[in-house]
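Listed below are the residues making up each chain.
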Amino acid sequence: MRRMFATPGAKALYKCAHFFAALKRCAALRVQAVVESHLSQRTRKMGHPAFVVVFVAMVSSAQAPAPVTAPTPASNGAQAAKTEAKPRADAIFFHANVYTGVSSNSPFSSMLREEAIAVRGDRIQAVGKNVDILKLKGPDTEVVDLGGRFVMPGFNDAHVHLAAAGLQKLTIDLAGVKTLEEFRARVKARVDKAKPDEWIVGGGWDETLWPIPILPSRWDLDEVSEGHPVILDRVDGHLAVANTRALQLTGVTLASRDPEGGKIDRDANGQPTGILRDKAQQAVRAVIPQLTHEQRRHGIEVALADLAEHGVTSAQDYSPEWENFLIYEELEKEGKLTARISEWLPFDDVLDELKVKRGFHSQSDLMLHTGMLKGFMDGSLGGHTAALMEPYADDPKNSGLPRYEAAKLNDMAKERVLTGFQLGFHAIGDEGIQMALDAFAEAEKAAREQKVKAANGGSDFRLRIEHAQVTTPAQIARFKELKVIASVQPGQLLTDMRWAQDRLGTKRAATSYAWGALLNKGVMLAFGTDDPVEPISPFRGLYAAVTRKSENGKQEFFPEQKLTMDQAIGAYTTGSAFAEFEEKEKGQLAAGMLADFVVLDRDITAVSAEKELGTKVMLTVVGGKSVYKATSAGQ
């Protein structure tokens, strides 16, 4: 080839030709990138800048862009292939207002908006404009016109108790009971239908809603139970009331001692009142007849239907009886599991048993697998059993009920992290939170010294504190330092704000439910509901996070801790996915991500906060398949 360039002029001409060819190719690529950037933003409605049009005319070889999505962890920023080179979509959802959850880098919108989604298999094939996505339609493609409705990633509830939620709906559901008389009337109605000697169970009652907020007693139940044994959970699950018959069957008497981590309430004469706090409930529950397989399955099916109706496509669940996991597995094999389940295991279980359960079902199954180990540091704020550093403001002789001795807790945490488990500790009071943080620090230190990897094989252990309600500024800084995830339930504030300041006093209350401070410090937030403690609806949580107001708008709780709607949605989607090591699989609507999304009756980023509470789910899609569709009457 060198012989062709016999003269300097020829050599220069060759270099010049190659320079302009290279320039032409670079210009074409630049045009495609600019056009794609502008076409993918909502600002397209404002018209394309003139310089883009001129630049396109100057470079004749520039080609129109194919439908693409913004770069995401799932796609590694790679551009989509040309439309004609792509396989056809299995389903296309178009004419929509798609909130992708991907940052837009636009001054007009913090999140990228698109118009249509193409699905192939259980994954998103592409997200883009209607005209581009419809090019992926084939002869067998299902095409769904969403009529301009708002579409967003499916909600991922980071903290639920599905088995308990379903069974509560099938037994005595005492949620929202307004008086002791109504409480007793519901018990009486259930007793009238019961078989002889049948246990009467249920829960959801909250005495703070009653005109006289006094805890019910065994004698209140005795008058309506007709000899049936009865135990009924308070709404938080950390306190229950049992009748005399139930106490007799389990040997709870005047002489009974309080168990470690529990308390039996007594009257002035030392007689048990029927109120059992935290671990004091275990003696009664041990003698309740086991549920049948059919009863358990029915309850779980009810709970799953509730998830689908409220747009929850993933649930991080603690239903600790192993039989519940076997039912999830049964439903999955039958093709009837309608939400992705990460099932937590009890932290207190024997380590060898935990390892067997972890290996029982594939950890790579994105529909169902076991997840973190859940431990309890304390009880609840409403039941005065959350562990506090200083006594309760409205109960000066009580600082709550810590559930562990520190040395034992630290040893157990270390042992389990070294075996590759993720940990999540229920901790509501500041003392409980300190116990959790100290145990995490010890466990992580040991793991790094021994070069043990996290549950996903990485170096980030993603240890979690569930609830994290009463925090100090120093603890929030410690969250950041240890990279601890704050798994919180904003909807609980709608209940707790009625009495939280009475329990804590103004100073402690001001740094409680501190979502804004946590997020501003760089702590990862994951949102959930704690269903059945609070209703499964994510819209209550979004409302609470962005307003910090009661549902009637008349009470406000330290508004400086409010979040923006984008932040709140992020905590319910990408934050929750990160908390279970699945941020590369779900939480955003982008090419390569799981096709889990919901269609709502309103744009929740555009309506007033008050209208968030009335939001209805029109369609819920999991893995590209519809698992819930609103009826025409509901529309």
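Just so it is clear, the model here is predicted, and its values are computed rather than measured.

**Thoughts on the overall build of the protein chain**
Scanning the protein chain for helices and strands turns up 22 helices and 24 strands. Put simply, of all contacts in the protein chain between residues at least 6 apart along the chain, 72% involve residues at least 24 apart. Carbon and sulfur atoms make up 54% of the accessible area of the protein chain, which totals about 27700 Å².

**Quick word on the sheet that holds strand 21 (residues 525-527)**
The eight strands lie next to each other as 8-15-16-17-18-19-20-21, forming an open sheet whose pairing is parallel. If you trace the sheet from one side to the other, it starts and ends with strand 8 (155-160) and strand 21, each paired once. Strand-to-strand twist of the sheet, defined as the mean angle between neighbouring strand axes without regard to direction, takes the value 25°. Bridge count between strand 20 (residues 485-488) and strand 21: three bridges; the pairing is parallel. Its bridge partner being in strand 21, S487 is matched across the sheet by A526.

**Considerations on the packing of helix 13 (residues 430-449) against helix 14 (residues 473-482)**
Viewed as axis vectors pointing N to C, helix 13 and helix 14 meet at an angle of 25°, and their least axial separation amounts to 11 Å. In terms of their interaxial angle, helix 13 and helix 14 are classed as roughly parallel. Remark: the crossing between helix 13 and helix 14 carries left-handed chirality. Taken together, the residues of helix 14 that come into contact with helix 13 (itself represented by D430, I433, Q434, L437, A441 and E444) are Q475, R478, F479 and L482. For the contact of helix 13 with helix 14, the per-class residue count stands at five nonpolar, two polar and three charged.

**Re a negative patch on the surface**
Taken together, the side chains of E260, E405, D411, D438 and E442 present a region of like negative charge at the surface. Along the polypeptide, E442 turns up in helix 13. The exposure class assigned to E442 is partly exposed, which follows from its relative accessible area of 37%.

**Things to note about the environment of N456**
You can see N456 is positioned in the loop between helix 13 and strand 19 (464-467). Here the alpha-carbon distance between N456 and Q363, two residues 93 residues apart in the chain, equals 9.8 Å. Non-local contacts of N456, meaning those with residues more than four positions away in its chain, are made with R462 and F581.

**Some points on the packing of aromatic side chains**
Overall, the coordinates contain 16 aromatic pairs when judged by the stated rule. Aromatic pair W322 and F325: ring centres 4.7 Å apart, planes at 15°, arrangement stacked. One end of the pair is W322 and the other is F325, both in helix 10 (residues 322-333) and three residues apart, which spans about a single turn. By the ring-pair criterion, three or more aromatic residues cluster together here, those being F155, F527, F539 and Y572.

**Concerning helix 20 (residues 565-572)**
Since one α-helical turn is 3.6 residues long, residues separated by three or four positions face the same way. Most of helix 20 is tucked away: six of the eight residues are buried. Among all positions in helix 20, only M565, A568, I569, G570, A571 and Y572 are buried.

**Some details on the nonpolar core**
Ranked by internal contacts, the top residues of the largest apolar core, which has 96 residues, are F425, I465 and F479. Residue contributions to this core peak at nine residues, all from helix 13. When sequence neighbours within four positions are dropped, the list of residues in contact with F479 reads I433, L437, I465, A468, T471, V484, I485, A486, L518 and V523. One finds F93, L146, A595 and V599 within the second-largest nonpolar core, a separate group that totals 19 residues.

**What to know about the packing of helix 9 (residues 293-309) against helix 10**
Close contact between helix 9 and helix 10 brings their axes to 10 Å; oriented N to C, the two are set at 65°. With respect to their mutual orientation, helix 9 and helix 10 come out roughly perpendicular. Judged by the sense of rotation from one axis to the other, the crossing of helix 9 with helix 10 is right-handed. Packed against helix 9, whose contacting residues are H293, R296, R297, I300, E301 and L304, the element helix 10 presents E323, N324, I327, Y328, E330 and L331 at the interface. Looking at the contact of helix 9 with helix 10 residue by residue, the class counts come to five nonpolar, two polar and five charged.

**Some points on the environment of G261**
With respect to the helices and strands, G261 occurs in the loop between helix 7 (244-250) and strand 13 (262-266). Residue classification places G261 among the buried residues on the basis of a relative accessible area of 8%. In the structure, G261 is positioned 141 residues away from P402 in sequence and 6.2 Å away in space, judged by C-alpha atoms. Sequence-distant contacts of G261, defined by excluding residues within four places in its chain, comprise R277, D278, K279, L401, P402 and R403.

**Observations regarding the side chain of H361**
Within the fold, H361 resides in the loop between helix 11 (351-360) and strand 17 (368-376). The exposure class of H361 is buried, given its relative accessible area of 11%. At a separation of 3.5 Å, a polar atom in the side chain of H361 contacts the side chain of E332. Within the structure, H361 has its side chain in polar contact with the side chain of D365 (distance 2.8 Å). With near-sequence residues (within four places) excluded, H361 lies in contact with F325, E329, E332, L368 and H369.

**Details of unusual backbone geometry**
The omega torsion of the bond from D531 to P532 falls at 15°, within 30 degrees of zero and hence cis. Summarising the element assignment, P532 is placed in the loop between strand 21 and helix 19 (538-547). Look at R462: it is not a glycine, yet its phi comes out positive at around 50°. In this structure, R462 sits in the loop between helix 13 and strand 19. Of the residues examined, R462 reaches a relative accessible area of 7% and is grouped as buried.

**Digging into the confidence of the model for the protein chain**
Taken as a whole, the protein chain shows an average pLDDT of 88; of its residues, 86% reach a score of 70 or greater. Under a pLDDT of 50 for its full length, residues 1-84 has, in the predicted model, 85 contacts with residues more than four places off or in other chains.

**Let's talk about the pattern of salt bridges**
Pairing between side chains becomes possible if they bear opposite charge and their charged atoms approach one another. A full pass over the atoms with the stated rule returns 40 salt bridges. Here E585 makes a salt bridge to R123, at a shortest N to O gap of 2.7 Å. Here the residue E585 occupies a position in the loop between helix 21 (574-579) and strand 22 (597-600), and R123 occupies one in strand 5 (residues 123-128), the gap between them amounting to 462 residues. Residue classification places E585 among the partly exposed residues on the basis of a relative accessible area of 22%. Residue class for R123 comes out partly exposed when judged on its relative accessible area of 24%. Ionic pairing is found between D349 and K357, a salt bridge with its closest N-O pair at 3.6 Å. One continuous salt-bridge network, built from bridges that share partners, spans D206, E207, R234, D236 and R498.

Rules of the game
- Residues numbered from 1 in each chain as written.
- Predicted model: local features only at pLDDT ≥ 70, side-chain atom pairs only at ≥ 80, totals over all residues.
- Heavy atoms only, no water.
- Helix = DSSP H or I, 4+ residues; strand = E, 2+ residues; numbered from the N terminus.
- Contact = heavy atoms within 4.5 Å.
- Areas by Shrake-Rupley, 256 points an atom, 1.4 Å probe, with all protein chains shown as cover.
- Pairing = 2+ DSSP bridges.
- Axes fitted to C-alpha atoms, helices over the stretch in contact; angles between N-to-C directions.
- Parallel < 35°, antiparallel > 145°, perpendicular 65-115°, else oblique.
- Left-handed = near helix turned anticlockwise from the far one by under 90°.
- Nonpolar A, V, L, I, M, F, W, Y, C, P; charged D, E, K, R; others polar.
- Patch = residues over 30% accessible without salt bridge, like charges linked within 9 Å, V, L, I, M, F, W, Y side chains within 5 Å.
- Salt bridge = Lys/Arg side-chain N within 4 Å of Asp/Glu carboxyl O.
- Lys, Arg positive; Asp, Glu negative; His and termini not counted.
- Charge placed at Lys NZ, Arg CZ, Asp CG, Glu CD.
- Buried < 20%, exposed > 50% of the residue type's maximum accessible area, 1.4 Å probe, protein only.
- Phe/Tyr/Trp six-rings, centres within 6.5 Å; stacked < 30°, edge-to-face > 60°.
- Core = buried A, V, L, I, M, F, W, Y, C linked by side-chain atoms within 4.5 Å.
- Polar contact = N/O pair within 3.5 Å; in protein donor to acceptor, adjacent residues only side chain to side chain.
- pLDDT = per-residue confidence, 0-100.

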